[in-house]
Amino acid sequence: MSLSHKSIDELHKLLVDKDISVVELTRDTLENIAAREDKVDSFITIAEDTALRQAQTLDERGVDVSNPLSGIPLAVKDNISTKGILTTAASKMLYNYEPIFDATAVEKVYSKDMIVIGKTNMDEFAMGGSTETSYFKKTKNAWDYSKVPGGSSGGSATAVASGQVRLSLGSDTGGSIRQPASFNGVVGLKPTYGRVSRFGLIAFGSSLDQIGPLSQTVKENAQLLTAISGHDIKDSTSANCDFEDFTAKIGQDIKGMKIALPKEYLGEGIDPEVKATILEAAKHFESLGVIIEEVSLPHSKYGVAVYYIIASSEASSNLQRFDGIRYGYRTDNYQNLEDIYVNTRSEGFGDEVKRRIMLGTFSLSSGYYDAYFKKAGQVRTLIIQDFEKVFADYDLILGPTAPSVAYDLDSLNHDPVAMYLADILTIPVNLAGLPGISIPAGFVEGLPVGLQLIGPKYSESTIYQVASAFEATTDYHKRQPIIFGGEK
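Every value quoted in this text rests on a predicted model; they were computed, and no experiment measured them.

Q: Sorry, what's going on with the overall build of the protein chain here?
A: A tally of regular secondary structure across the protein chain gives 15 helices and 11 strands. Taking 23 Å as the expected radius of gyration for a compact globule of 488 residues, we find that the protein chain reaches 21 Å, a close match to that expectation. Classification of the 488 residues of the protein chain by burial places 61% in the buried group. Expressed as a percentage of contacts within the protein chain between residues at least 6 apart in sequence, the contacts between residues at least 24 apart total 76%.

Structure below.
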């Protein structure tokens, strides 16, 4: 059996007992990537030389016995800055950009002796829900290569689901960790806004973006979040929270907890079989002693409209820095400075990015600001208040992660509105700055269904407690796609 089938704790024991070296584990990971990458296209860059140098140094120094992540390979989404390793945000605009600094989250994983093995494919500048807008390649679903992997962290999800790595980092602006986790049958968590530093994350929507972990199991997810979270003076929106071990509540009883099931999350537009799977999961929680009750989040229906005004407005501001002057792509077709700006952006940005820049610029423009951006901010407050009312009486909220299982490649990327609506269940969590997790909860026509658990701010430990209880009493997470040695 490949080392990729072993848990983080099992790999840690092998490393501590010197049954394997960090170099051997790194080489095994690189071999798994080489064997599987052409089927799923998870990576933009493989950092083989850098990873092996890190592994050699760690072997010489010795693995940290008290740190389960010491020597463990990690994939990183390509919008998270890595010093000396290409960071493109899957865009022609940054096709040759090699940062001179690490993102804080990357600094933190290095401080835990993790090995950055490569950078994963994504929707360009994280704008998309299917990883089809990348300048470089289209990633495929690990369970069915004719299906999308979800997005925008599709490469990070498929790298884990296909067994290339145990752990990866993604980013989530409107569901970009949870939706691909759902489509690929892995665990993905979007932390509370501010829980993980955004310093070094190439900005899309600054009031929405969060870096978070993807993994095979709930405990491994909690281990990685523990490593990357914490206050950062380089990020003015970073939350000043005390250190927390997010594995602490895993294994604790959940009997007597109250979980809300919003009627809006199981209404119109939700695939009937996905709905049935989630209702079955709710019954399973009841068998574990959890109280499940229906509630209402009445303003959630406005989430998609609010999100695409706010996120696009913030993107139109954030992406102004890409001008062809300082780094990245520059047009060859110019006569003056204005030509450089206009032609560089016209040639360097893809259609989806340009669409959102134009939408955001319009929303912020004179005469339209009050009608669109200001009003979207007001409705965002109503969505936040809906969640607060529910969390006054309930520990968590339960629902599907996505309204359907993974859909066909090239089926929605020509219909932006349909693509946007696919994020209807994940977007409100970002608008409210809440933590949310997607865990495997079943299958429809052989494709994974994700169960979403949403909590109040800074309730990640409780989310992991409940998610691990579900995982421990079901076997959905144990099923693997054929590429990872499974039967289907």
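Q: Before we go on, may I ask you to explain the packing of helix α4 (residues 104–111) against helix α7 (residues 218–228) in this structure?
A: Any two packed helices are characterised by the angle at which their axes cross and by the distance between the axes. It is at 8 Å that the axes of α4 and α7 come closest, and there the two elements cross at 110°. By the angle between their axes, α4 is roughly perpendicular relative to α7. Taken together, the residues of α7 that come into contact with α4 (itself represented by Ala105, Lys108 and Val109) are Leu224, Ala227 and Ile228. When the residues that make up the contact of α4 with α7 are grouped by side-chain class, the tally is 5 nonpolar, no polar and 1 charged.

Q: Is there a simple way to think about the pattern of salt bridges in this case?
A: Think of it this way: side chains of opposite charge can pair up when their charged atoms draw near. Evaluation of the coordinates by the stated rule reveals 18 salt bridges. Its salt-bridge partner being aspartate 410, residue lysine 138 comes within 3.9 Å of it at the nearest N-O pair. With lysine 138 in the loop between β3 (115–120) and α5 (154–161) and aspartate 410 in the loop between β9 (396–400) and α13 (416–421), the pair connects residues that are 272 residues apart, well separated along the chain. You can call aspartate 410 partly exposed: its relative accessible area is 40%. The structure contains a network of salt bridges with shared partners spanning Glu37, Asp41, Lys137 and Lys140.

Q: When you look at the nonpolar core in this model, what are you seeing that I'm missing?
A: By size, the foremost hydrophobic cluster in this structure holds 142 residues, and its most contacted members are Phe125, Phe285, Phe387 and Leu398. Here the element with the most residues in this core is helix α9 (residues 303–318); it accounts for 8 residues. Sequence-distant contacts of phenylalanine 285, that is, excluding residues within four places in its chain, are made with Ile254, Val290, Ile292, Leu398, Leu451, Leu453, Val466 and Phe470.

Q: Help me out: how do you make sense of the UniProt feature "active site" (unreviewed entry) in the protein chain in this one?
A: Cross-referencing UniProt, the feature "active site" (unreviewed entry) maps to Lys77, Ser152 and Ser176 in the present numbering. On the basis of their most widely separated C-alpha atoms, the annotated residues across 100 residues gather in one place, lying no more than 11.0 Å apart. One can find serine 152 in the loop between β3 and α5. Residue class for serine 152 comes out buried when judged on its relative accessible area of 0%. Contacts of serine 152, omitting those with residues within four sequence positions, involve Lys77, Asn121, Met122, Asp123, Ala126, Gly128, Thr131, Ser171 and Ser176. Structurally, the position occupied by serine 176 is in the loop between β4 (167–172) and α6 (178–184).

Q: Explain a nonpolar patch on the surface here, please?
A: Together, Ile325, Leu337, Tyr341 and Val342 line one region of the surface with nonpolar side chains, adding up to about 320 Å² of accessible area. Here isoleucine 325 lies in the loop between α9 and α10 (337–348).

Q: Is there a simple way to think about unusual backbone geometry in this case?
A: The phi angle of most residues is negative, glycine excepted, and most peptide bonds adopt the trans form. Between glycine 151 and the following residue, serine 152, the backbone shows a cis peptide bond with an omega angle of 5°. Unusually for a residue other than glycine, lysine 18 sits at a positive phi of about 60°. Unlike most non-glycine residues, alanine 89 shows phi in positive territory, near 55°. Mapped onto the elements of the fold, alanine 89 is located in the loop between β2 (73–77) and α4.

Cut-offs and rules
- Residue numbering note: each chain is counted from 1, following its sequence as written.
- Selection of residues for local features in this predicted model requires a pLDDT of at least 70, selection of side-chain atom pairs for listing and counting requires 80 or more, and totals for whole chains, interfaces and linings are taken over all residues.
- Only hydrogens and water are set aside when side-chain values are computed; all heavy atoms of the structure are taken into account.
- Strands here are runs of E lasting at least two residues and helices are runs of H or I lasting at least four, both read from the DSSP assignment and numbered beginning at the N terminus.
- With C-alpha atoms as the basis for the radius of gyration, the globule rule is written as 2.2 Å multiplied by the number of residues raised to the power 0.38.
- Burial here depends on accessible area, computed with a 1.4 Å probe over protein chains only, as a share of the maximum for the residue type. Under 20% is buried, over 50% is exposed, and the range in between is partly exposed.
- The contact definition used throughout considers only heavy atoms, calling two residues in contact when any of these lie within 4.5 Å.
- Orientation is described by lines fitted to C-alpha atoms, with helices fitted over the stretch in contact, and by angles between N-to-C directions that extend from 0 to 180 degrees.
- Angles below 35 degrees are treated as roughly parallel, those above 145 as roughly antiparallel, those between 65 and 115 as roughly perpendicular, and all remaining angles as oblique.
- Each residue gets one of three labels, nonpolar for Ala, Val, Leu, Ile, Met, Phe, Trp, Tyr, Cys and Pro, charged for Asp, Glu, Lys and Arg, and polar for the others, Gly among them.
- Salt bridge criterion: a side-chain nitrogen from Lys or Arg within 4 Å of a carboxyl oxygen from Asp or Glu.
- Side-chain atoms within 4.5 Å are what join buried Ala, Val, Leu, Ile, Met, Phe, Trp, Tyr and Cys residues into a set we call a nonpolar core.
- UniProt positions are given in the numbering used here, feature names are shortened, and annotations may be inferred rather than shown by experiment.
- What makes a patch is a set of residues exposed beyond 30% relative accessible area and free of salt bridges, joined within 9 Å when like-charged and within 5 Å when nonpolar (Val, Leu, Ile, Met, Phe, Trp, Tyr).
- Method for areas: the Shrake-Rupley scheme with a 1.4 Å probe, in which residue coverage is limited to the protein chains shown.

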